[in-house]
Structures are given as C-alpha cells and as structure tokens.
Amino acid sequence: MRKLRILLGATILLLGAGSAVLADDDAGTFLDGTASVGAHYGDFSDNPQKAGEFISIEDLGQTNVHMLLDLLGGDDASLFDIQAYYFNTRTKGFDFGLHTSSLVSANFSYQSFVHNLGHDTLVNLQAREANPDGAGGFTPGGKQIYHTDNDPLGRYYYQYQDFTGDVSIDLPFLADGQVYGAYHDQRRTGYKQTMTIDHCAFCHVEGNSQRVDEETRTWRSGLDGTLGLFTFNYEFKRREYLNLANSPQHRWKNASHPVNGGAQDEFSSRLIFEDTTLPYASAADNTKTNHFGALKAEVGQNNVLSGSYTYRKQHNDMTGQQNTFDSWAAAWSFRPGRKFRVNAKFYTYEIKADDYYVDLPNFRAQDTATGNLNFDWNRVSAAQRKVYRGELDVGYRLGKTNLIKVNWRHDETDRDAMTQTQTTYNFDDPANPVEIASTPFANKTTTDRIRALYRQRLGRQGSFRLDYTYTNSQKPFMNPNAMCEESLEGTSSIHANGRLYYFQRQRYGNGTNQATQSHRGSARGTFRLSDKTSLNAFVTYAKEKNDELNIYQFERDVLIPGFNIWTAPTPKLMFTFGYTYNSYKSNANLCPPIFDG
Amino acid sequence: MFLNVTQEMTDKWGWSFDTAIAYSKGNFDSFFLPEPAIPDSVTISPDYPGGSSKGAYDFSEIQDYSDLEYLQIEGTLGVRYQIKARSSLYGSVTWMMTEDVKPYVYGDLSGAVWYYALGMTSTF
C-alpha cells in the first residue's frame, strides 16, 4: 500500500511538473526534461549472490517503485540540470548542476549502491595426515587442519554512498581566475567475512562476521589564475579516514598438542600470547594533508616552461606512525616548427615513512623458561623511496594524415626496504648461539623505457595507430629473501632437545611479478565499412620476463584481441556487437613450509 | 562479448535487446614437490609421517583446487508503446545468470535473477 501511494504521488508530481513548464515558457525561461515512473518485481533462483552482484538481494521477491528524472532549465543568465533516479532504498542517486552568469558554478552528486560479497565456506580446510601403521594401513597423525564457520548463514555486502559537492567562483579581476572549494564524502557500511587463525599457524581457521562502517572525508580548496606570461594554481587538500565500527574480538585458546593435548610446554614456551581475547582486523583512523602549487610560463611563441611542487603528510592515528611525500616536477615544451614538437620532463619525489620496531619476547629454544634468542627487527616500510625520472618526447608529423612519436623515459628508484635481511642462529655452542643475518639485496631499481607510436588517418574511412614499448629494468621491486629456507647453520642439531623440531632458518628466494624485460605492442583501428556499418578492432600483445631472480625465471604473456561492430541495416533497426578475449599466462615459485613441530 | 539490438517497428511500437556475456576461466598448472632430504643422523619428530621415507606429503592434486570457471549472462528485452506525442509506456524483462562450472571456495554460486518492469515515460 505504501508503494502504491508513492507511485501515485510520483505520477501527480509528474503532471504538476508539466504544468509548471508551460507557466515558465510564458515567462521566457525554458525547461526540458524526461520523467519516468514505474514498478518492478524481482525474482531469483538458486544462489542470487553472484548473478546479482550489484543488486539489493533483500528486495528480491518484492515489488518496488522506480523513478527517473532528467531536467535541463534556465534563462539567459543561468543554467541548471538535474538527474535523479530511484530503484530501491539502497540503489538511488542524483546529480545537480548550477551555473549563474559565468560567475558561480556549483555541482552536487550523490550515489548509493550495493556490492554483494562472497562467503568462504572454508570446507576445503579439512585434512589430517595419515601415518603408515606398519600393517599396510594408516593411523591418524598429529598434523591436521580444520575449520569453523561461526556465521554459516551470514550474507556479506557493502553499501556504498558517495557524495560530492563543489562550488567555484570566477574572479573577474584576474585572467582565468577562480577560487573553489569541494567536499567529497565516501561511506562504506555492511558486513564482511574475516578469518582468524589459531596457534600452530593455519591448523584451525575460523570464519567470522565483521561489521564495516568506514567514512572518508575529503576537503579541497584552491586558486587558479594568469598574470602576464605566468599561469599559476595552488590547492590544499585534507583527507580523513574514520573507522566507525568497533574492532571484532577473538578468543585465542591455550596452545596444546593437536593429538595428545597435554604437552602445553611444547608450544607455550615459544608463544607471545595464548588463552586471551584480543581485537583483530582493526583499521586505523588516519589523516592526510596535501599542498600542491604549479607555475607555467610561455616564453616566446615556441617555448613553454612549467614546474610544480607537492608536499603531503599522512598520519596514522592508531600507531602514531607518519609518512611525508615531497615532489618536484619541471617540464619544457618546444615547438620549433609546424611538424616538430619536443617535450622534456624531470620529476623527483621522496617518501619518508617511519620505521616500526617489532619488539618480540626472546625466543626460548633451549628450555621452557629462559629466553636466549632475540628476533627483534626494525621494519622498514616498502613505501619509503627516492625516485628520479627523466622523460623525452619527440613528435614529427610525416604528412597531413600521419605522424610518428618517440618517447624515452629513465627511472631510478631507491628503496631501503629491499635491503632488509633475515636472521637465524648457529647452535654449535648451545649456551652461546651466534646470530647470523642474510646478505642485503641491492636497493636501487633502474628502468629505461622506449616507446614508438605511428598514427594514420584514412580520411572518412577511419584511422589506425600502432605502438610498441620496450622496457628494461634492473632489479625491479621485489620481496627479497621471501621464500625457501636454507639448511640449519652449523653442525649442531637442535632437534634432540625433545621440544623443538623446527627452527626458523634464513630464507633466500627472491619473488616478484615485475619484469626486467618487457615487449608490448598494440594495434587499434576504426574503419568505416559502409554508410551503415563501422568496425573498431584492437589487439595488445605483451611478452615479459624477469631473469634476475635467484630461484626461477618469471614470465608473463598477455594477449587481448577484440572488436566492436555497429550496423544499422535500416533507419529503424540498429545492432552493436562486441567481443574481447583476455589471456594472461604467468608463473610463480612455491616453497611450501612443511610444518613439523 | 555484448550485443545490442534496437528497432523502431512502427511509429508507436519499438523494442530493444541488450545482452552481455562473459566467460572466465583460470587455473594453475600442476607442480612437482620433491620430498625433503633429511639425513639419517638427524633426529626427527615422532609425529613425522612416512616411516623410512620421512615424507608422505602428496601435492599431486593440488592444482585442481585452483580451477575457476564462470559463465555470466545479462540481458534485457524491452518494448515501448507511444501513447501520445510525448508519453510512452514501457515494459522490460532483465535476466542475470551465473553458472559456476567448478564450485570451490564460495560454494556453488550458480543462480539467476529476474526483474520485470512496467512504467511510463514523459518528455517535456
């Protein structure tokens, strides 16, 4: 009944709007628009979560009203436009724009929609080793993995709400001058599935429901203008991320042997915590402020010089950690003739991120009470880096319908995180174990990229372009010493003390999905096959590899061909058809740890 | 892959059909993992499996767990009838379908959703 009232109300509103239009026409203003109102019924079979990934599942099995309104109106001095839609309580939105006398512009927008998430059933996490019993059969062993879904009927989704509003005011006393302010609010609410793991790593995995309520607020304000030869702009931006939901809690149980259950010392001598309730999956509030300034100058008729500076600071309100971003950029654009164009750019930035000292209780390898091994380490952020980039771009027009462009880019990136090492101990003298660190990996990445582009127009018959890019990179970003363990250091076995059958050793395998050599080519064209048919076709192919890794060679092949065709056999019948094929083939190295202790 | 068809049949009647089809497939190759080489002199855990082989882990079927295969189709068939110069009625059926050929982590995600819609549009 309520929906019927809404439907009737909307229809009446529609008739009223039509009357208003006629009245406004008499006054010399104008108003054009389209309005739709209707109802829809949603039904489903089997599992609607994936088929309806972006629909409101709770509205299925019901009839809902939907509406759409599109208005454009104004007079000699002002213009406004409104678009609004309503599909259900979770799926709706509007856009509103207002421009008055070329002085003030304002735009406001709101969108709301649902994204349904998956629910991991965890059923694959169910296994236990089988030990030969000596008589041709098996007995259950100690190593096992099992799962518990604490929310088996849980439905997980995000509700997104996005609001933007911006207002700009032209400055009549300044050429191209304007001041502006903007606000952007993103809200994400709902529930997601989070996992917890208990002691002995992944033996017991639990699925839990976690409330999500996150808000990101962004303010921007700035000033643009031109003074003589100089064009300038400055912008200040502040962004806040707020986690409005409480962190979930999990009870970590007493660590005990999975089979005999009573030998707690076997594990508890080497645990940081057990038999306690702690928060997990916490997202930290953080604040980011950003200053950006740019200046551009036209020198003569053929030269343009430009430069910019950016400073950004981000603060983690939970840990107190912060990082800063400093960036300088400069560019020179030169046009010596009608056929030539040269652009040169230089760009550098530095990210300084606070280190985090991981302070662990001393590890007790020799007995249950005395900690004698120190595994504390200083975590260096992977974001921390210095980058220098130079780029040269040359364009030459071969004729009236074709041109060629060549681009070269050189990058140097210095990352301290790539020098972090692994630690282990030599136990030849059990009372005085010797700490051993692995060899640091090189921290500098050098990349050169060359790109060539050819573009041809075919008059009214269409156009096509061909481009090829070669990239050579030395020591691209990777996770050094990430996988595969060395043998124990020294000659003394630590296995015989009755408690410890495994000890952390140095890892030595480097892993990455970044290539050292990359060939990438693409062709794209638009062709008019007849007055009634046009074809757009494209293909991209890439062959990439990394032969600098120490335990395998990374390779990646990419092939993406496709086409779109449009045809209208008669003035009242139109077809559009498109097809895209995506193929990605790649490889990775696995070193599964075999749990034993 | 997508296909859109729009036809104005008469001055009053028109219809349209939109569909998008996506077929996705992904899998890992199988891999060989050798048993760990443990010298006889090393004392091993009493829980360690395999007796004399000192290793009984079987990874021969692990690649099957990575197989993913989805067929997704979305389509809308709509008709429109012009009742006055600036007003028309419309009706549509939207069908969204997923076929989960190799269900795994998230269970069987095969299913379908239908929407039946009726309404009126006015331009002014």
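Residues numbered from 1 in each chain as written. Chains lettered and ligands numbered in written order. Predicted model: local features only at pLDDT ≥ 70, side-chain atom pairs only at ≥ 80, totals over all residues. Heavy atoms only, no water.

**What about the packing of aromatic side chains?**
Residue and element names in this part refer to chain A. Applying the stated criterion across every chain yields a total of 17 aromatic pairs over all chains. Each ring, one from Phe 94 and one from Tyr 110, has its centre 6.2 Å from the other, and the planes form 25 degrees; the classification is stacked. One end of the pair, Phe 94, is in strand E4 (residues 91-100); the other, Tyr 110, is in strand E5 (residues 104-116), with 16 residues separating them in the sequence. What makes Tyr 110 buried here is its relative accessible area of 17%. Ring geometry for Trp 332 and Phe 334: centres 5.3 Å apart, planes at 15 degrees, overall stacked. Residue Trp 332 is classed as partly exposed on the basis of its relative accessible area of 35%. The class for Phe 334 is partly exposed, based on a relative accessible area of 25%. Directly above the ring of Tyr 158 sits Arg 188, whose terminal nitrogen or CZ lies 4.2 Å from the centroid. (Phe/Tyr/Trp six-rings, centres within 6.5 Å; stacked < 30°, edge-to-face > 60°. Helix = DSSP H or I, 4+ residues; strand = E, 2+ residues; numbered from the N terminus. Buried < 20%, exposed > 50% of the residue type's maximum accessible area, 1.4 Å probe, protein only. Lys NZ or Arg CZ within 6 Å of the ring centre and 35° of its normal.)

**Some thoughts on a positive patch on the surface**
Residue and element names in this part refer to chain A. A cluster of basic side chains, namely Arg 335, Arg 338, Arg 341, Arg 397, Lys 400, Lys 405, Arg 455 and Arg 457, defines a positive patch on the protein surface. Of note, Arg 455 is situated in strand E24 (residues 444-457). The partly exposed category is assigned to Arg 455, whose relative accessible area is 34%. (Patch = residues over 30% accessible without salt bridge, like charges linked within 9 Å, V, L, I, M, F, W, Y side chains within 5 Å. Areas by Shrake-Rupley, 256 points an atom, 1.4 Å probe, with all protein chains shown as cover. Salt bridge = Lys/Arg side-chain N within 4 Å of Asp/Glu carboxyl O. Lys, Arg positive; Asp, Glu negative; His and termini not counted. Charge placed at Lys NZ, Arg CZ, Asp CG, Glu CD.)

**Looking at the confidence of the model for chain B**
Residues and elements named next belong to chain B. Overall, the prediction assigns chain B a mean pLDDT of 81, with 78% of residues at 70 or greater. Note that pLDDT drops below 50 for residues 49-55; the model gives that stretch 21 contacts with residues more than four away or on any other chain. Interface confidence in the predicted complex, given as ipTM, is 0.84; pTM for the same model is 0.84. (pLDDT = per-residue confidence, 0-100. Contact = heavy atoms within 4.5 Å.)

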